[in-house]
Every structure is written in C-alpha cells, then in structure tokens.
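Results of the structural survey
Listed below are the residues making up each chain.
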Amino acid sequence: MTKTALQFRHNGRDVALFVDGGVNLLVALRESIGDMTPKFGCGQGGCGACSVLIDGELHLSCLTLAETVNGRSVETLDGLKDGPNLHPLQRAFMEQFAAQCGYCTPGMLMAAKALLDRNPSPTRAEVIEAISGNICRCTGYEPIVNAVLAAASSGRARA
Amino acid sequence: MLELRKDIFADERDDNLKEIGKGTQRQDMLGHVTGTSTYFDDHKLQGMLHLKVLRSPHAHARLRRIDTMEAERSSGVRRIIRGADVPRNLNTLLSLINFGKDDEPSLAVDKVRYKGEPIVAIVADSPREAYEAMSKVRVDYEPLAAVFDVEEALKPGAPVVNEVYPKNTFIYHDVYDHQKLRFGDVERGFAEADHVLEQRYQMSPIEHAPTETNGSIAAPDTNGRYVVYTSTQALFFSLDTCAKILDVPSNTFHFIGGTVGGGFGGKVDTLTEPLAILGAMLTGRPVRYQLGREEEMQFGSPRGAERIYIKDGVMRDGRIVARKIRAYFDSGAYTRLSSYAVVKCVAHLPGPYTIPNVHGDVYCVFTNRTPATAMRGFGVTAMDFALECQMDKLAHLIGIDPMEFRILNAYRDGDMKAHRREAKNTALIECVQVAAEKAKWPLREEVKRMSSRKDGGGSRAAISPTPREPEPQRAVASQQRTTYDRAPPAPIHEPPPTAPPPPPRPQAPSPSHGATRFSSVFGTRRR
C-alpha cells in the first residue's frame, strides 16, 4: 500500500510520519504518534470523543484524513497542560466532578478549549452549544457545563 | 506478634471514615482530565493483529456451507477462526453460578438466530485487511421463518429459536417454563373490587451506547499465560467465562481492566475476550478485537424489551385489593442474563405496596432478536415503569391524589409481602413525602404525618424467617446405601419433622401506620 509522507505540528512539536492512504487523523495520532488522548467512539462523527483542534479550530479527527493536516498545527488533550501545571479547564473539570468514566473527557476539554479561545466569557447557552457535538453517556452534562463556566470565570479573574 | 506499623501510613487514611456530607475526589480524576487513564484500546503492543467478525445478515437461517478458501489467501490474513476452533463452543453466562443450560456458541455452526450473530472471525495484520478478507468469505444461508414477538413465540407452531429451549422459554429448575407468584386469591379480590383496570405496557429494547465500544486486546505472556486488556465491567466473571469457553485453567489469564469507558450493564457479557484470546493462542501474537459502533448497536446486547399486562382491583376508598401481572421478557436468541432478570422481576412484584391478593406469571422468552442483558436495574426498571403508570391511572380512576394513593397503599414495617416475608426497613411513605415536598406538591397534614414505621420502630435490620407452606413429608430413600458413604444410615422411622413456621397470620390494623383517619380507611386490610 502506498504510504504518504506527512509533517505537521503536534502540540507544538514538529512530527514527520508516513501514513497509509485513507488513514484518518485519529488513527495516525493514536497509532503512529502514540498520542492516546483522542478516543474512538463511533468513527462516524457522531460522538465527539475524538475531537482535536486543527489550527485552533475544533475538528473530529475520525472524519479528518490524516493527509489533510500536512503543514498545519494539531492540538490534543496531551498538550493542554503546561508542564506540570493543569490548564484552568482541567482544574475546573476536577473541582466540579465533571468526569465519570472519563472517555468523553478529552473531546469535551478540546471542545471547551475551542470555545474559550474564541469567547472567554461564554454564557451558559453558549457552553451548551459548544459541547453539543460531544456525547457523555454517563449523563454528566450539568457538571461539565458548570466546569467550563468556572474555568471561564477563573480565566477572567486572572486577566 | 507482628503488627503493621499503621503510624507510617497514618496520613494516608483517616480510620474514622467520616465521609458523608462532603465531596470526595475520585482517585482517577487526574487521569481523566489529562487523558492518561488507560482504556483497553490505549495499549499498543508490538506485532498486534486485528480481529474482525463476519456477522449474520439474517435473523434466522441455517448455515449450509461456510467457504473461507478465498479469504484465507487474502493479503495480511493470519488466521480464520471458525466455530470448530473454539474448544467449548457452547456457553451460557450464568452457568458459572449453575443457572441455565449452555445455549450460545461463540461462533455459529449450524444456525444463526439473530441478525449480527458471529459466524467467522478473521485475524489479520490490519483492520482493513481483515475487512477485505471478510468480504471474500462465502456463506450459504437457508433463511428460516423468524419470530420477533414474545407472545407469537409462545404460540404452538412458532419457529423454534434455540433448540436448547424448544418451547422458546427459559426453563427454571429443569421444569418450569416461567416464574410464578401466588398470594391470596386475586379472582376473589377482583369480584369484590369496586373497579377493575387492565392495561398493557410494552417496552423497547434500550441500547447502553457506552462512548467506548466493547473490546479487548489479548497477548501471549510468559509461561504460557495470556494478558488480556479489556473493557469488561466484570473482570473475574469474564476471566472465568473465557477459561470455560477456551477450556484452560483460569490462572492462564491475567485480565487487566477497571478503566471502562461507560458500561451501564452492556459490558458484562464477555462479548470479545474469548475470540481475542483464541486469536492470540492460534497466532502467538497480540490480537485486538474492538467493536465498531454499528456492531455495538446490532450485536452488543441491549436492555431487553418487556411486555407487561397488569390487572388491578381497587376499592373506591383507594385500597388496591388485587393485582394480577403477566409479563414476557424478550431475551432475544440466547439467555445471557434475562433468566435472572425475570427472577428479580418476580421478586419485586407487586411493587412496594401491600396488596392482599397477588398473582404473577413472568416468562423469559426467546425470539430472533439480539440477546438482551443487564442494564441498570434490569428486571425491575420496566416493571416499575408499568406499575407506576398503573398507579397513576388507578388514582385517576377513583379520583384520589396520586401521591396520597401511593402512601395509602405503601407497604409498612410489619406488613406481609406477597413473598411471605415481613416488610422491614420500609421507607416508601417517607420517600413520597420528601418527593412531594421537593416538587411543592400539596399533601394533606395527616398524610404528611404518616410513617412507614410500626410502633415507633424497633429492630429494623433483622430478617424474619420465611414462613413456608407445609410440605408433604418425603419418603425415606429405601435403596441400599453404598459402602463408601460413611454417613450413618437414615433411620427407617424419621423423627417427626419440626413444625413449619405458621403461615402469615392476619394482624390487627396498627394505628401507628399514620393518622387515625387513614387507619380507618385501611380497615382490616393490613395483615
């Protein structure tokens, strides 16, 4: 099978790899780079567990051909914390008990980051809208929404 | 005397364990928010192969021929597994607790009994190559008449779904085709009732849809053992099931799990581990078997559908005097855990109410649908839904407040339940009172003052002995005892058996059940 050479920034570091034609970004991240933070939930763009940021925008890595991120920047949950320091969203998720099984959490955090990056003071309705593509089957949406709002207000407090 | 130096670890745990009333952080929360919690699929092993399963497109069909010749030659294929390769290709989950007959193959051999049933497993270098090989497997199906309705399945002449249970019902204790509950005389109760209401309730199967699909990775380990990373909710249950199916000692396996991406009952069926391990045994390589979302929906077992008929007799003053229930659990093509759900359901009848005449018949029925399994309170949830709908309808029928109607009929400490056990630790009245308060639902003062407790409480945790019907005296075995039986021979004349506990006696109505006015409403109903 033909392999395609691919280079992109992964959480701020340059990576170069060969991928099979037709391989999606989720598989490339997990199997070629070893970044296990994006999760497989459906492979159909229905659950949001594989959400990542491409050039700062929220994307579903299971529906993104790996080749299309050539030369671009990909962010995953693996790059969210700053060294040993948790990102305000991660701290807020912990404090608000916003994870149960944890499987949707990586996607939720990336969707929330995409929101706060473009809108640091979202309303509750905007938070709900922003995570509407992410399914939490433990039905912990309330604490998740609270956590995103708490992270937003802690960000404002620091600013 | 060796003693653990607890003081070394004193700062790790407060032995007083005063945890109630304050938030306690989950131990795995840091892993969850940093994405470092390791689910089964987060293990990447050297030389890992991928297993995919060919599934039946038919709900019911005979397998005339399975031709894997072309698939074997397909690129990247390491091994094709058929039913004959599975050491014990027939199992039922609850056989581990000696309940039910082995009725389900890991890979179908002669027949498929539901759409999605596994037929052939393909182990290949990549998922894509496994799928390509799968498209080259030729299966000659002879479609058979299928049955999808629980009551149709019980009619004479209905297609036999599973030959292990030719009447399409699970058989309890090798004899009974359903679970029965009998208490009092419902027909007399209906005759005396002011109103009789009969209703039919139908539930749908419900998919757990965990965000992480079912799956496992099995890998050869040292000393002939296998390490298995799995999404199972029931680690040792799955381990033992695999040991039985693969016919090896259970210590062959080292199961690693516990981090589960949502289960809700949908990850207790050991759906993937046996084939993943068998694949590893047959290839000597790590093998990953992960369900896709469509497989999770089609093949992963749902909460079973239930059909429930409830007939109630109720008096104008609000007392339910008779409740007759007939219910059918749709087990799908195999038993899995539905037989147990039925037992649980019957044990729950007639709901948390004191009703003097109760009659229950609940069937575990086989149909050509995806086998059903556990899901959050299964066996009770759907029945409770039906019962509580019925309670609302009854309250409406006789024109009484639905909350008060429940309090009126709620069981109280000391009541005799339909299973001939005395009710203990009851709290339904208090629950309804709190629910009413939270919902700002007005209750009358005397209803607010009512209590589940009898005579101000007492020993609440004790379980009273179960009164039994007197049994006919068994004849003493008369055949000669074998010599290696060291027990003393049974006496020819048995001592008179100890008297069985008396059947429940009617009890005088207790004024402490609540306000005097309500006690008079109950009359002599309470036993």
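Note that residues are indexed from 1 along each chain, following the sequence as it is written. A letter from A marks each chain and a number from 1 marks each ligand, given out in the order of writing. The model is predicted, so local features are restricted to residues of pLDDT at least 70 and side-chain atom pairs to those at 80 or more, both for listing and for counting; the totals for chains, interfaces and linings are taken over all residues.

**A few points about the overall build of chain B**
Across its full length, chain B carries 14 helices and 15 strands. We call a residue exposed when 12 or fewer other C-beta atoms sit within 10 Å of its C-beta, buried when the count reaches 20 or more, and partly exposed for counts in between; the C-beta positions come from the backbone. Counting every position in chain B, which comprises 527 residues, the buried fraction comes to 44%. Long-range pairs, those at least 24 residues apart, make up 77% of the contacts in chain B with a sequence separation of at least 6. Per the convention used, a helix needs a DSSP run of H or I reaching at least four residues, while a strand needs a run of E reaching at least two, with both numbered from the N terminus. Whether two residues are in contact depends on their C-beta atoms, placed from the backbone: they are in contact if these lie within 7 Å.

**Description of the sheet that holds strand β13 (residues 306-314) of chain B**
Residues and elements named next belong to chain B. In spatial order, the strands read β7-β15-β14-β13-β8; together these five strands make up an open sheet with mixed pairing. For this open sheet the edge positions go to β7 (179-183) and β8 (195-202), each flanked by a neighbour on one side alone. Taken pair by pair, the neighbouring strands of this sheet meet at an average axis angle of 5°, ignoring direction. Two strands form a pair only when DSSP identifies at least two bridges running between them. In this structure, β7 lies alongside strand β15 (residues 358-366), joined through five bridges in antiparallel fashion. Note on β15: the bridge partner recorded for Phe183 is Val358. Lines fitted to C-alpha atoms define the axes here, with helix axes fitted over just the stretch in contact, and angles between the N-to-C directions of these axes take values from 0 to 180 degrees.

**Structural notes on the sheet that holds strand β6 (residues 138-143) of chain B**
Within a sheet, neighbouring strands are paired by backbone hydrogen bonds and run either parallel or antiparallel to one another. Residue and element names in this part refer to chain B. Read across the sheet, three strands follow the order β4-β2-β6 without closing on themselves; strand pairing throughout is antiparallel. Here the strands that pair on one side only, and so sit at the sheet edges, are β4 (111-112) and β6. Sheet topology places strand β2 (residues 61-67) next to β6; six bridges connect them, and they run antiparallel. If you follow Arg62 over to β6, its bridge partner there is Glu142.

**Thoughts on the interface of chain A and chain B**
Each partner contributes to the interface: chain A provides 29 residues, whereas chain B provides 22 residues. Taken together, the elements giving at least two residues each to the side of chain A that touches chain B come down to α2 (88-95) and α3 (105-118) of chain A. Broken down by class, the residue content of the side of chain A that touches chain B amounts to 16 nonpolar, eight polar and five charged. Following the grouping adopted for this structure description, the nonpolar residues are Ala, Val, Leu, Ile, Met, Phe, Trp, Tyr, Cys and Pro, the charged ones are Asp, Glu, Lys and Arg, and the polar ones are all others, Gly among them.

**Remarks on the domain arrangement of chain A**
Residues and elements named next belong to chain A. Here the limits of each domain have been adopted from an automatic or database domain assignment. When its domains are assigned, chain A resolves into domain 1 (3-78) and domain 2 (88-158). Facing 14 residues of domain 1, the contacting portion of domain 2 comprises 13 residues. With three residues, strand β3 (residues 51-54) is the single largest residue contributor to the side of domain 1 that touches domain 2. Class assignment for the residues of the side of domain 1 that touches domain 2 results in eight nonpolar, four polar and two charged.

**Describing the UniProt feature "domain: Aldehyde oxidase/xanthine dehydrogenase a/b hammerhead" (unreviewed entry) in chain B**
UniProt positions are given in the numbering used here, feature names are shortened, and annotations may be inferred rather than shown by experiment. Per the UniProt record, "domain: Aldehyde oxidase/xanthine dehydrogenase a/b hammerhead" (unreviewed entry) is found at residues 34-145 of chain B. Annotated as 12% helix and 30% strand, the span residues 34-145 of chain B places its first and last C-alpha atoms 52 Å apart.

**Remarks on unusual backbone geometry**
Looking along the chain, the bond that leaves Leu349(B) and enters Pro350(B) is cis, with omega of 0°. The phi angle at Asn11(A) is positive, at roughly 50°, despite the residue not being glycine. Position of Asn11(A) among the secondary structure elements: in the loop between β1 (3-10) and β2 (13-20). Phi angles above zero are rare outside glycine, and Asp55(A) is one such case at about 50°. Here Asp55(A) is to be found in the loop between β3 and β4 (57-60).

**Quick word on helix α12 (residues 428-438) of chain B**
Residues and elements named next belong to chain B. Of the residues making up α12, those classed as buried are Ile429, Val432 and Gln433. For α12, the buried positions fall inside an angular range of 100° around the axis, keeping them on one side. In this structure, α12 carries Val434, Ala435 and Lys438 as exposed residues pointing more than 90 degrees from its buried face. Along its buried surface, α12 packs onto α11 (402-409) and α13 (445-448). Looking one or two places after α12, you find Lys440, whose phi comes out positive at around 55°. Here the arc refers to the directions that run from the helix axis out to each C-beta atom.

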